[in-house]
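Structure assessment
Below, each chain spelled out in residue letters.
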Amino acid sequence: MNNKIEIENLKNNLIKTLFFLFFLKINPCIAKETLTLDYNNIKVFLEGNFIQGGLVKGKIDSNLSVRFKERLLRKTSKGFFVIGFGRDHPKIANLSIKINQNWISKTLNIKKRIYKTQMINGLEKKMVTPPKSFYDRIIRENKAIKNIRHLDSDIDFIFEEFNWPAKGIISGVFGSQRILNGKPKRPHYGIDIAAKKGTSVLAPIESIVRMAEKDLYYTGGTIMLDHGHGVTSVYSHLSLINVNVGDKVKKGQKIGEIGSTGRSTGPHLDWRINWFLERLDPALLVP
Ligand SMILES: [Zn+2]
């Protein structure tokens, strides 16, 4: 009898340990790391999440040029810059600086993540692909979003800390993917915050409004904010929009209200952050 209980306890502990390890794997340590790179005695200081979906802030002598992913990085007057690593970023990234007309590279190691996948089969075809009559509209709207993501604005708001844009329940996480009728869909790049319709959405950091659209095909009421240096964010499915394109908004200022507009199954805020076209995990940026 005692043996049986012991085996049962062992089993339970094993399950607990495995679950904990799994939890660690899908929720990697989000503590920020610091790193100092030495380029022939010239130091570059980095701080952030060296992980897929992570953002890293750096500092360099403001007279030097710094390059990442074929891109010459914008710096503040004090030499601060930002870089980001998308959902499927390779394990290695090179950060280069220019010394006496020569580019010198150092390698950064970017940690891999495991994302949640969900298989759903037996769906009707019309649920899986949007009807053809909407294609032109979808292409036009995606282009407008992409153009904003290419902006490299000379504003330094990104060097402040983010706050959560809304209070609610996390109902969707960065990177997760659904496989509908055996067809992998685009991964979910945002974080979903479920809350009742009309809940305030606040600017998580000082920003300039670059998009304020009432009705996009996928995202419904949509706001895009620009935080500078290539970092932009999107707020989707809004029921109300309180800002206009070109507005400068303060951290904590109300920009809209949560809703269920566009392709949405219930009231929630879909919040996304990009460094240019690299998709970042908003959860890594908030306290
Ligand atoms: Zn979402």
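So, a few notes on the structure that sits alongside this text. Along each chain, residues carry numbers from 1 onward, in the same order as the chain's sequence is written. Reporting of local features is limited, given that this is a predicted model, to residues whose pLDDT is at least 70; pairs of side-chain atoms are given and counted only at 80 or more, and all residues count toward the totals for whole chains, interfaces and linings.

**Points about the sheet that holds strand β12 (residues 183–184)**
DSSP calls a pair of strands paired once it identifies at least 2 bridges connecting them. Here a helix means four or more residues in a row that DSSP labels H or I, a strand means two or more in a row labelled E, and each is numbered from the N terminus. Spatially, the 3 strands line up as an open sheet ordered β9-β11-β12, and their pairing is mixed. At either margin of the open sheet sits one strand with a lone partner, and together these are β9 (117–120) and β12. For strand β11 (residues 177–180) and β12, the ladder comprises 2 bridges, and the chain directions are antiparallel. Across the sheet, residue isoleucine 179 finds its bridge partner in β12, namely proline 184.

**Here we look at the environment of serine 153**
In this structure, serine 153 sits in the loop between α3 (135–149) and β10 (169–172). Residues serine 153 and isoleucine 208, spaced 55 residues apart in sequence, show a C-alpha to C-alpha distance of 9.7 Å. Contacts are defined on C-beta atoms placed from the backbone: any two residues whose C-beta positions lie within 7 Å are in contact. Setting aside chain neighbours within four positions, we find serine 153 in contact with Asp226 and Gly228.

**Some points on the nonpolar core**
One nonpolar core equals one set of buried Ala, Val, Leu, Ile, Met, Phe, Trp, Tyr and Cys residues connected by C-beta atoms within 7 Å. With C-beta atoms placed from the backbone, a residue is labelled by how many other C-beta atoms lie within 10 Å of its own: buried for 20 or more, exposed for 12 or fewer, partly exposed between the two. One finds Leu55, Val82, Val209, Ile223, Tyr235, Val243 and Ile255 to be the most contacted residues of the largest nonpolar core, which totals 47 residues. The source of the domain bounds is an automatic or database domain assignment. When residues of this core are assigned to domains, at least three map to each of domain 1 (33–109) and domain 2 (117–284). Ignoring anything within four residues of it in the chain, the contact list for leucine 55 reads Gly48, Asn49, Val82, Gly84, Trp275, Leu280, Leu284 and Leu285.

**Observations concerning the pairing of strand β1 (residues 33–39)**
Judged from the 7 bridges that link them, β1 and strand β2 (residues 42–48) form a sheet pairing that is antiparallel. Among the inter-strand pairings, leucine 35 is bridged to a residue of β2, identified as leucine 46. Between β1 and β2, which pair antiparallel and follow one another directly, the connecting turn spans 2 residues, one of which, asparagine 40, has a positive phi of 45°.

**Observations regarding unusual backbone geometry**
Note: most residues except glycine have negative phi, and most peptide bonds are trans. One non-glycine residue with positive phi stands out, namely asparagine 41, at about 75°. By the C-beta count within 10 Å, which is 6 here, asparagine 41 ends up exposed. The backbone of phenylalanine 276 shows a phi angle near 50°, a positive value even though the residue is not glycine. Tracing the sequence through the fold places phenylalanine 276 in the loop between β21 (268–275) and β22 (278–280). C-beta crowding within 10 Å serves as the criterion here: with 18 such atoms nearby, phenylalanine 276 is assigned to the partly exposed category.

Taken by themselves, the reported measurements are silent on function.
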